[in-house]
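Secondary and tertiary structure notes
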Amino acid sequence: MGFEKVVVVDGRGHLIGRLASTIAKQLLEGQRVVVVRCELLNVSGSFYRNKLKYFAFLRKRMNTNPAHGPFHFRAPSKILWRTIRGMIPHKTTRGMEALNRLKV
């Protein structure tokens, strides 16, 4: 199967979950992917609902020592990276290699 050397994806105007699922599939197939302009990704739904969901996510932390995680990334590129990581078996060697093929 022939792959392009690197696929460059422009994130402008894409829904974050839809884009992440296609990128995750490409990574697992062995394709290298670079995503640019992550700050212009869209999240569906109302702003208020998404804000409530994000603040609920921020409240999730380790009770005894919050420095042990989970880590709440604020940068748009890291939010996309974590979304893609959730769609990949990142604890296996296959998943780790797939995530190493991603640049956001």
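Here goes a summary of the coordinates provided. Note that the structure is predicted; figures quoted are calculated from it, not measured.

Scoring rules and cut-offs
- Residues numbered from 1 in each chain as written.
- Predicted model: local features only at pLDDT ≥ 70, side-chain atom pairs only at ≥ 80, totals over all residues.
- Heavy atoms only, no water.
- Helix = DSSP H or I, 4+ residues; strand = E, 2+ residues; numbered from the N terminus.
- Buried < 20%, exposed > 50% of the residue type's maximum accessible area, 1.4 Å probe, protein only.
- Contact = heavy atoms within 4.5 Å.
- Areas by Shrake-Rupley, 256 points an atom, 1.4 Å probe, with all protein chains shown as cover.
- Pairing = 2+ DSSP bridges.
- Right-handed = clockwise from strand over helix to strand, strands pointing away.
- Core = buried A, V, L, I, M, F, W, Y, C linked by side-chain atoms within 4.5 Å.
- 1 Å grid on protein atoms, 1.4 Å probe; cavity = no way out; pocket = protein on both sides within 12 Å on 5 of 7 lines; lining within 4 Å.
- Points joined across faces, edges and corners; volume = space filled by probe spheres on them.
- Nonpolar A, V, L, I, M, F, W, Y, C, P; charged D, E, K, R; others polar.

Within the protein, the regular secondary structure consists of four helices and three strands. Each helix and strand of the protein, ordered N terminal to C terminal, gives the series β-α-β-α-α-α-β. Each principal axis of the C-alpha atoms in the protein carries an extent, and together these give about 45 × 30 × 15 Å. Split into buried and exposed, the 104 residues of the protein put 23% on the buried side. When contacts within the protein are restricted to residue pairs at least 6 apart in sequence, those whose partners lie at least 24 apart make up 69%. Accessible surface, the protein: about 7,500 Å² in total, of which carbon and sulfur atoms supply 56%.

Right, let's talk about the pairing of strand S1 (residues 7-10) for a bit. Residues in a regular strand project their side chains so that they alternate between the two faces of the sheet. As paired strands, S1 and strand S2 (residues 33-36) are joined by four bridges and run parallel to one another. Across the sheet, the residue bridging to Val-9 is Val-35, located in S2. Crossover handedness for the path S1 to helix H1 (residues 16-29) to S2: right-handed.

Within the largest apolar cluster, 17 residues are counted, with the highest numbers of intra-cluster contacts made by Ile-23, Leu-27, Val-35, Leu-80, Ile-84 and Leu-102. Of all elements in the fold, only H1, S2, helix H3 (76-85) and helix H4 (93-100) reach the threshold of two or more residues within this core. Among the elements that line this core, the one with the most residues is H1, at six residues. Not counting chain neighbours up to four residues away, the residues in contact with Ile-23 comprise Val-33, Val-35, Ile-84 and Leu-102.

Each pocket or cavity is described by its volume, and for the largest pocket that value is around 720 Å³. Contributing to the lining of the largest pocket are 21 residues, with Ile-16, Val-43, Asn-50, Tyr-54 and Ile-79 lying nearest its centre. If you list the elements that add at least two residues to the lining of the largest pocket, you get H1, helix H2 (47-59) and H3. Its residues assigned to classes, the lining of the largest pocket shows 10 nonpolar, four polar and seven charged.

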